[in-house]
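Here is how the chains run, residue by residue.
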Amino acid sequence: MAATAALRPDETHDPRAPDFPPPPVTARPIDRAAWIAAFRQVRNETERRAAPLSPEDQQVQSMADASPTKWHRAHVTWFFEQFLLREHLPGYAIYDARLHYLFNSYYVAAGPRQPRIQRGMITRPTMAEVAAYRAHVDRAVETLLSQASDRALEMVLPILEIGLYHEQQHQELLLTDILHAFAQNPLNPAYDPDWRFPDAAAQRGQVELRREIAWIGHTGEGFSFDNESPRHETLIPAGRIDRALVTNRQWLGFMEDGGYAKPELWLSDGWYAGPAEGWEAPGYWRRDGEGWATMTLGGQRPVDLDAPVTHISYYEADAYARWAGRFLPTEFEWEVAAQDGGLPDAFGLVWQWTRSAYMPYPGYRPLPGALGEYNGKFMANQFVLRGSSLATPEGHARLPYRNFFYPHQRWQFTGLRLADAA
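The rules behind each value
- Just so you know, the residues in each chain are numbered from 1, in the order the chain's sequence is written.
- Selection of residues for local features in this predicted model requires a pLDDT of at least 70, selection of side-chain atom pairs for listing and counting requires 80 or more, and totals for whole chains, interfaces and linings are taken over all residues.
- In computing side-chain values, all of the structure's heavy atoms are included and hydrogens and water are not.
- Starting at the N terminus, helices and strands are each numbered in turn, a helix being any DSSP run of H or I of at least four residues and a strand any DSSP run of E of at least two.
- When a carboxyl oxygen of Asp or Glu is within 4 Å of a side-chain nitrogen of Lys or Arg, the pair counts as a salt bridge.
- For each residue, the accessible area found with a 1.4 Å probe, counting protein chains only, is set against the maximum for its type, and the residue is called buried under 20%, exposed over 50%, and partly exposed in between.
- Here, expected helix span is obtained from the residue count minus one, scaled by 1.5 Å.
- Contacts are assigned to residue pairs that have any heavy atoms within 4.5 Å of one another.
- Here, axes are lines fitted to C-alpha atoms. For helices the fit covers the stretch in contact, and angles between N-to-C directions go from 0 to 180 degrees.
- Throughout, the term roughly parallel applies to angles under 35 degrees, roughly antiparallel to angles over 145, roughly perpendicular to angles from 65 to 115, and oblique to all others.
- Handedness of a crossing follows from how the near helix is turned relative to the far one, being left-handed for an anticlockwise turn of less than a right angle and right-handed for a clockwise one.
- Here the term charged refers only to Asp, Glu, Lys and Arg, the term nonpolar to Ala, Val, Leu, Ile, Met, Phe, Trp, Tyr, Cys and Pro, and the term polar to all other amino acids, Gly among them.
- Throughout, the edges of the domains are those of an automatic or database domain assignment.
- The buried area of a pairing is the accessible area, by a 1.4 Å probe, that goes missing from both parts when the two are put together, added over both.
- The definition of a polar contact used here is a pair of N or O atoms within 3.5 Å, where within protein one atom must be able to donate a hydrogen and the other to accept one, and adjacent residues in sequence count solely through side-chain atom pairs.
- Should DSSP find at least two bridges between two strands, the strands are taken to pair.
- Classification of ring pairs uses Phe, Tyr and Trp, with its six-membered ring standing for Trp, and accepts pairs whose centres are within 6.5 Å; under 30 degrees between planes counts as stacked, over 60 as edge-to-face, and the remaining range as tilted.

### Comments concerning unusual backbone geometry
Okay, so step 1: Cis rather than trans, the peptide bond between Arg124 and Pro125 has omega equal to 10°.
Okay, so step 2: With respect to the helices, strands and loops of the structure, Pro125 is situated in the loop between helix H4 (99-103) and helix H5 (127-147).
Okay, so step 3: Put simply, Ser229 and Pro230 share a cis peptide bond, and its omega is -5°.
Okay, so step 4: Looking at the element boundaries, Pro230 is found in the loop between strand S2 (212-216) and strand S3 (232-236).
Okay, so step 5: Of note in this structure, Asn188 is not a glycine but carries a positive phi near 50°.

### Observations regarding the pattern of salt bridges
A pair can form between side chains of opposite charge whenever their charged atoms are brought close.
Okay, so step 1: The final tally for this structure, using the stated rule, is 25 salt bridges.
Okay, so step 2: Notably, a salt bridge pairs Asp138 with Arg43, separated by 2.7 Å at the nearest N-O pair. In this pair, Asp138 is assigned in helix H5 and Arg43 in helix H1 (residues 32-50), connecting sequence segments 95 residues apart. Both residues of the pair, Asp138 and Arg43, count as buried.
Okay, so step 3: Here Lys262 makes a salt bridge to Asp257, at a shortest N to O gap of 3.0 Å.
Okay, so step 4: Note on Lys262: relative accessible area 25%, which makes it partly exposed.
Okay, so step 5: With relative accessibility at 37%, the residue Asp257 sits in the partly exposed group.

### Here's the deal with H5
Okay, so step 1: With 21 residues, H5 ought to run about 30 Å at 1.5 Å a step, and its terminal C-alpha atoms sit 30 Å apart, in line with that.
Okay, so step 2: Along H5, the positions that sit buried rather than exposed are Met127, Val130, Tyr133, Arg134, Val137, Asp138, Ala140, Val141, Glu142, Leu144 and Leu145.
Okay, so step 3: Against the buried residues of H5 lie H1, helix H2 (55-59), helix H3 (69-88), H4 and helix H6 (150-183).

### Quick word on the packing of H3 against H5
The description of two packed helices rests on the angle between their axes and on the distance between the axes.
Okay, so step 1: Interhelical geometry of H3 versus H5 gives an angle of 30° and a closest axis separation of 10 Å. With respect to H5, the element H3 is oriented roughly parallel. In terms of crossing hand, the pair formed by H3 and H5 is left-handed. Contact residues: Lys70, Arg73, Ala74, Val76, Thr77, Trp78, Phe80, Glu81, Leu84, Leu85 and His88 in H3; Met127, Val130, Ala131, Tyr133, Arg134, His136, Val137, Ala140, Val141 and Leu144 in H5.
Okay, so step 2: By residue class, the composition of the contact of H3 with H5 is 14 nonpolar, three polar and four charged.

### Let's talk about the domain arrangement of the chain
Okay, so step 1: If you check the domain split of the chain, you get domain 1 (32-184) and domain 2 (206-421).
Okay, so step 2: Relative to domain 2, the C-alpha centre of domain 1 lies at a distance of 28 Å.
Okay, so step 3: Each partner contributes to the interface: domain 1 provides 25 residues, whereas domain 2 provides 30 residues.
Okay, so step 4: Interface of domain 1 and domain 2: buried area, both sides summed, is about 2600 Å²; carbon and sulfur atoms make up 65% of it.
Okay, so step 5: Where domain 1 touches domain 2, the interface holds zero salt bridges.
Okay, so step 6: Between domain 1 and domain 2 we count 15 residue pairs in polar contact (both at pLDDT 80 or more) in total.
Okay, so step 7: Breaking the side of domain 1 that touches domain 2 down by element, the ones donating at least two residues are H3 and H6.
Okay, so step 8: By residue number, the principal contributor to the side of domain 1 that touches domain 2 is H6, which donates 16 residues.
Okay, so step 9: The residue makeup of the side of domain 1 that touches domain 2, split by class, is 14 nonpolar, six polar and five charged.

### Section: the sheet that holds strand S1 (residues 206-209)
Okay, so step 1: Taken in spatial order, the three strands make up an open sheet running S1-S4-S12, and their pairing is antiparallel. Bordering the open sheet on either side are S1 and strand S12 (419-421), each of which pairs with just one other strand. Taken over all neighbouring pairs, the strand axes of this sheet differ in orientation by 20° on average, direction set aside.
Okay, so step 2: In terms of strand pairing, S1 meets strand S4 (residues 239-242) through four bridges, oriented antiparallel. Each bridged residue has a counterpart across the sheet, and for Val207 the counterpart in S4 is Ile241.
Okay, so step 3: In the packing of helix H10 (residues 331-338) onto the sheet, contacts are made with S1 and S4, and the angle to S1 comes to roughly 110°.

### What to know about helix H9 (residues 314-323)
Okay, so step 1: Extensive coverage of H9 is indicated by the burial of eight of its 10 residues.
Okay, so step 2: For H9, the full list of buried residues reads Tyr314, Tyr315, Glu316, Ala317, Asp318, Ala319, Tyr320 and Ala321.
Okay, so step 3: Contacts made by the buried residues of H9 are with helix H7 (248-256), helix H8 (268-277), strand S8 (351-357) and strand S9 (383-386).
Okay, so step 4: One or two residues past the end of H9 sits Gly325, with phi positive at roughly 70°.

### Considering the packing of aromatic side chains
Okay, so step 1: Applying the stated criterion to the full structure yields 33 aromatic pairs.
Okay, so step 2: Seen in terms of ring centroids, Phe39 and Phe80 are 5.4 Å apart; in terms of plane orientation they differ by 80°. Their pairing is edge-to-face. With Phe39 in helix H1 and Phe80 in helix H3, the pair connects residues that are 41 residues apart, well separated along the chain.
Okay, so step 3: Given the relative accessible area of 0%, Phe39 is considered buried.
Okay, so step 4: Between Tyr106 and Phe378, the ring centres sit 4.8 Å apart and the planes meet at 85°, which makes this aromatic pair edge-to-face.

Listed below in structure tokens is the structure:
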């Protein structure tokens, strides 16, 4: 695989722009060339992100929540083969049926799968064989898009579109997972020595929220995941949300005031999770003389006190809000505040924890078949994050997008902003 430049956020379109740039797959009505170009763009971006990594880098799995880079590259390929090519390309020959066990993730209806915690044990197929698998599926998808009838494409394109957004999600995971792996290495390797954290907008003040009934969720235009619908009315109480994200400097004040050691600030589960995980600072922070350093995609660096705090769990975000005498916003308050660019750092820096449990919207129905397992079966015991992060691919961020993680997890680029009641 030829080497390419590593991802640098300053070289891409800024997804924080208030006009919410459309995703790369908006080729409607049917434009075969545009869809093929979109497919190539997404597939090439995965390879671009993987290119700086050695075969050894791509094999490692540093914890159960993370996956090897090689597995990500193969899994997204399996997704297209399983859900698109097998049913919609007549005469398609499965590349290697054994790979379906190795690279299925959690689709029970699609058959048995390698245990998640053992993905790092998959030393075969090799990187070269995974590249050949990707090339085989790429050729078949482009054949399908070129030769299918217009009527057939009406069924094919929605699956292709989900597959492209799915691959973009794994592009983000590719970076967060390799960062976690590198953080376990005493050599402190850098994914990209020239990488830097994107600049935050210099914003003060708050967005005022008036008491109203607001429409929340997908508007019906463009792509959305099923968990963003149905669009529905929600009561928004009067209040205010900070325009700025909480910074490392502000978080250090929480630490210096003993925030990690004050049980009155913590949810019960969080109070026990912190000592069990050894939390005394955000993820990847390390004592460096009298100060702090942190592991980044550019290697270990001094903590930038003016940058948004990141790699914090929901438990930590909630404890910080209590310490500050304030609240995390609900996902609905966040969505209303972020409309029309009201939150200038809503996108492109860190995912922002909300205090909303990840639950279905009123009237939600999962997709039929195995794709219905994509979101619906995870709607329990997790919290919603809104916005996007510096690792989110260009065009993936959208206003109603609902990300979700368990409250103890913090290997993603997760941060927070605070809110006040009226």
